[in-house]
Amino acid sequence: MNIQWRKSSKSSGAEGNNCLELAEYEGEILLRESDRPDVVVRTTRAKLRAFLGGAKEGEFDDLA
């Protein structure tokens, strides 16, 4: 499985491993933590779009 993981330029940590990584594979969106690459969550573009919209509007700011 050749997956091209992407992470934000805002990722931090000494090794750059304090981040979430996203990829597209066979029509699904994959999400993982850089320090736990063996745990992968699969979702759809529509669900990711809804989540990102809420994040942009500050709905999860209390968790950060």
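The structure this text deals with has already been given above.
Scope of this entry: the structure provided in the associated data block. (Residues numbered from 1 in each chain as written. Predicted model: local features only at pLDDT ≥ 70, side-chain atom pairs only at ≥ 80, totals over all residues. Heavy atoms only, no water.)

### Digging into the overall build of the protein chain
Helices and strands together make up the secondary structure of the protein chain, namely one helix and four strands. For the protein chain, the N- to C-terminal ordering of α and β elements is β-β-β-β-α. Seen along its three principal axes, the alpha-carbon backbone of the protein chain occupies a region of about 35 × 30 × 20 Å. Buried positions account for 16% of the 64 residues belonging to the protein chain. Within the protein chain, residue pairs in contact and separated by at least 24 positions form 11% of the contacts whose partners lie at least 6 positions apart. Surface summary for the protein chain: the accessible area is close to 5300 Å², and the carbon and sulfur share equals 49%. Of the side-chain charges in the protein chain, 10 are positive and 12 negative, and the distance between the mean point of each set is 5 Å. (Helix = DSSP H or I, 4+ residues; strand = E, 2+ residues; numbered from the N terminus. Buried < 20%, exposed > 50% of the residue type's maximum accessible area, 1.4 Å probe, protein only. Contact = heavy atoms within 4.5 Å. Areas by Shrake-Rupley, 256 points an atom, 1.4 Å probe, with all protein chains shown as cover. Lys, Arg positive; Asp, Glu negative; His and termini not counted. Charge placed at Lys NZ, Arg CZ, Asp CG, Glu CD.)

### Side note on the pattern of salt bridges
Side-chain pairs of opposite charge can arise where the charged atoms are in close proximity. A full pass over the atoms with the stated rule returns three salt bridges. A salt bridge links glutamate 21 to arginine 32; the nearest nitrogen and oxygen atoms lie 2.5 Å apart. Of this pair, glutamate 21 sits in strand β2 (residues 20-25) while arginine 32 sits in strand β3 (residues 28-33), and the two are 11 residues apart along the sequence. The same class applies to glutamate 21 as to arginine 32, namely buried. (Salt bridge = Lys/Arg side-chain N within 4 Å of Asp/Glu carboxyl O.)

### Re the environment of glutamate 24
Position of glutamate 24 relative to the elements: it lies in strand β2. When its relative accessible area of 41% is taken as the criterion, glutamate 24 is described as partly exposed. Distance from glutamate 24 to lysine 47, taken between C-alpha atoms, is 13 Å for residues 23 residues apart in sequence. Ignoring anything within four residues of it in the chain, the contact list for glutamate 24 reads Ile29 and Arg45. In this structure the side chain of glutamate 24 is engaged in a polar contact, spanning 2.9 Å, whose partner is the backbone nitrogen of glycine 27. (Polar contact = N/O pair within 3.5 Å; in protein donor to acceptor, adjacent residues only side chain to side chain.)

### Comments concerning the sheet that holds strand β4 (residues 36-43)
Spatially, β1-β2-β3-β4 is the arrangement adopted by the four strands of the open sheet, whose pairing is antiparallel. Only two strands of the sheet have a single partner each, and these edge strands are β1 (6-7) and β4. Here β1 runs beside β2; their pairing, made up of two bridges, is antiparallel. The residue bridging arginine 6 from the neighbouring strand is leucine 22, located in β2. (Pairing = 2+ DSSP bridges.)

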